[in-house]
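Summary of the model geometry
Spelled out from the first residue to the last, the chains are:
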Amino acid sequence: MKSSATEKEYTIAVIPKVNGIPYFNAVEEGVLEAGKDLNVHVLYAGPLIADWQQQEQLVKEYIEKEVDAIAISANDPEKLGPILLEAKQRGIVVITWDSDTNEKYRKYFVSSVDPETLGRHVMDTLSLNMKEKGSYAIITGSENAATLKEWIKWMVIQQEENYPNMRLLEVGESNDNPQKAYMIAKELVEKYPDLKGIIGGSSVGPPAAAQAIMDANKVGEVAVVGLSSPNLVGSYLKNGAMQVSTLWSPKKLGYLTVSVAKELLLGNEVTDNKSFENVGVIRVKDDTIIMGQPIDFTKENIDQYDF
C-alpha cells in the first residue's frame, strides 16, 4: 500500500528516445537535478538506438519495479500503447515528453515548444538562407516519432503557404544515428547537384549535413539549418557550413518533466500559466504542456551557450 504524499519519496522513471547523444545527455542533467531538488528518486535510461521495442522492454522493467511514474519520449506513437496502458492499469502515472504517443496512452505530453510555432520558424530560417527559392531536403530522426512528424508537417505547410519557389525533394530517416545521418546528407549532395538547403529535424542531422557540405566543398552553396544543441554545431556555425540551429534548453525540459510528474503524483493539476521553479511559466493547450519559445543559435551568439 502506498504511503501518503508527505511521507513517500516517489520513484519517477524517465526514458529518452536514445541514450548517449548530447541532447539526451543534457536532458539527463535536468532530470537528475530535479530529482535532487524535488526529493524524488529518478531513474534515467534509454535504448542504444531509437527503437520502440527496447523502450517497451524498459517500461516492462519499470512496471516490475513498481515505479510511481513513467515519462517517455516515444519512438512510436502507437506500438508502445499496450505496455503503457498496462502501466496505467497498475496505477503508474504515465506521461510523454519530447516525443508523444497517441493521447489515450498517457495523461500529459510535455512539449518543449508548440509544434506549429517551431515548424514554421525553422522553415523561416531556411527560406531566409535560401533567398526563398530552390530545392531542399529534410533529415529527420525516426519517421515514426510523432513529434518529429508534427514538426515536419508544419515546416512543409509554412513552405507551401509562404515560399512557393522552394521545393521539398525528400525526407531521409537517420534513426538518430550520426553516421547514418551523415551518409544521407552525403547522398543528398551527390544526388541533387542543385540542392540549396538541408533541414536537420533531430539533433544529429544538422552537424551531419554541415560536415557533408564541407566534405563536398559546398560551403556557402547549400544552407543548413535545423534542430541541434550548441556544442554539436558550434564549429559549423562559426565556419559557415551551417547557418542557424534552433532548439530550447534540453536540461530545462528534463527538469520540467520530473516536476510535472511529481505534481501529478501529488494529485495537483497542471494549469495554464503555472510557474515551475527553475523552468518558468508554462502554457497548457488541452493535454499538452508547452515549456516555451524556441531559441536560435548563430555564429554571433553560439559562445553564450554550453550544452
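**As for the pairing of strand β4 (residues 93-97)**
Of all five residues in β4, five are buried, a share of seventy percent or more. The parallel pair strand β3 (residues 69-72) and β4, bridged by helix α3 (residues 81-89), forms a crossover whose chirality is right-handed. Alignment of β4 against strand β5 (residues 109-111), held across two bridges, turns out to be parallel. In the strand pairing of β5, Thr96 is matched with Phe109.

**With respect to the sheet that holds β4**
Taken in spatial order, the seven strands of this open sheet run β2-β1-β3-β4-β5-β14-β13, and their pairing is mixed. Every other strand in the sheet has two partners, leaving β2 (41-44) and β13 (283-285) as the edge strands with one partner each. Each strand of the sheet is rotated relative to its neighbour by a mean of 20°, with strand direction disregarded. As paired strands, β3 and β4 are joined by four bridges and run parallel to one another.

**Structural notes on the packing of aromatic side chains**
Counted under the stated rule, the structure contains six aromatic pairs. Geometrically, the ring pair formed by Tyr23 and Trp248 is edge-to-face, given 6.2 Å between the ring centres and 85° between the ring planes. With Tyr23 in helix α1 (residues 22-38) and Trp248 in the loop between β10 (244-247) and α9 (250-265), this pair connects stretches of sequence that are 225 residues apart. With respect to class, Tyr23 is no different from Trp248; both count as buried. Ring centres of Phe24 and Trp97 lie 6.0 Å apart, and the angle between their planes is 75°; on these two criteria the pair is classed as edge-to-face. Here Trp97 lies in strand β4 and Phe24 lies in helix α1, a separation of 73 residues in the sequence. Pair check on accessibility: Phe24 and Trp97 agree, each one buried. Above the face of the Phe276 ring, Lys274 is positioned so that its terminal group lies 5.5 Å from the ring centre.

**A short note on the sheet that holds strand β9 (residues 223-227)**
Pairing is mixed in the open sheet, where six strands are placed in the order β7-β6-β8-β9-β10-β15. Each edge of the open sheet carries a strand with a single partner, namely β7 (166-173) and β15 (295-297). Strand-to-strand, the axes of this sheet are offset by a mean angle of 20°, without reference to chain direction. Direction of pairing for strand β6 (residues 134-140) relative to strand β8 (residues 195-200): parallel, over a ladder of five bridges. Pairing of Tyr136 across the sheet is with Gly197, part of β8.

**Things to note about the environment of Ile157**
Take Ile157: it is sitting in helix α5 (residues 146-162). Considering only alpha carbons, one finds Ile157 and Gly119, 38 residues apart in sequence, at a separation of 8.6 Å.

**Some points on the packing of α1 against α9**
Remark: α1 packs on α9, axes separated minimally by 6 Å, with the N-to-C direction vectors making an angle of 40°. Accordingly, the angle class assigned to the pair α1 and α9 is oblique. Handedness of the crossing formed by α1 with α9: right-handed. Note on element contacts: α9 touches α1 through Pro250, Lys251, Leu253, Gly254, Tyr255, Val258, Ser259 and Lys262, opposite Tyr23, Ala26, Val27, Glu29, Gly30, Val31, Glu33, Ala34, Gly35, Asp37 and Leu38.

**Side note on the environment of Lys60**
The topology assignment puts Lys60 in helix α2 (residues 52-64). You can call Lys60 partly exposed: its relative accessible area is 36%.

**Observations concerning α5**
In a regular helix each residue adds 1.5 Å, so 17 residues correspond to 24 Å; α5 covers 24 Å between its end C-alpha atoms and thus fits that length. Buried residues of α5: Thr147, Leu148, Trp151, Ile152, Trp154, Met155, Val156, Gln158 and Gln159, and no others. Contact partners of the buried residues in α5: β5, α4 (115-129), β6, β7, β8 and β9.

**Some details on the pairing of strand β1 (residues 11-15)**
Most of β1 sits inside the fold, with five of its five residues counted as buried. Every second residue of β1 is oriented toward a common face, with Thr11, Ala13 and Ile15 on one face and Ile12 and Val14 on the other, all of them buried. Where β1 meets β2, four bridges bridge the pair, whose relative direction is parallel. By the bridge assignment for β2, Ala13 is matched with Leu43. Crossover handedness for the path β1 to α1 to β2: right-handed.

**Looking at the pattern of salt bridges**
Following the criterion strictly, the structure yields 13 salt bridges and no others. Residue Glu170 is joined to Lys191 by a salt bridge in which the shortest nitrogen-to-oxygen separation is 3.1 Å. Here the residue Glu170 occupies a position in strand β7, and Lys191 occupies one in helix α6 (residues 178-191), the gap between them amounting to 21 residues. Among the residues examined, Lys191 registers a relative accessible area of 53% and is labelled exposed. Each of Asp100, Arg106 and Asp287 takes part in salt bridges that share partners, so that together they form one network.

Calculation criteria
- Residues numbered from 1 in each chain as written.
- Predicted model: local features only at pLDDT ≥ 70, side-chain atom pairs only at ≥ 80, totals over all residues.
- Heavy atoms only, no water.
- Buried < 20%, exposed > 50% of the residue type's maximum accessible area, 1.4 Å probe, protein only.
- Helix = DSSP H or I, 4+ residues; strand = E, 2+ residues; numbered from the N terminus.
- Right-handed = clockwise from strand over helix to strand, strands pointing away.
- Pairing = 2+ DSSP bridges.
- Axes fitted to C-alpha atoms, helices over the stretch in contact; angles between N-to-C directions.
- Phe/Tyr/Trp six-rings, centres within 6.5 Å; stacked < 30°, edge-to-face > 60°.
- Lys NZ or Arg CZ within 6 Å of the ring centre and 35° of its normal.
- Parallel < 35°, antiparallel > 145°, perpendicular 65-115°, else oblique.
- Left-handed = near helix turned anticlockwise from the far one by under 90°.
- Contact = heavy atoms within 4.5 Å.
- Expected span 1.5 Å × (residues − 1).
- Salt bridge = Lys/Arg side-chain N within 4 Å of Asp/Glu carboxyl O.

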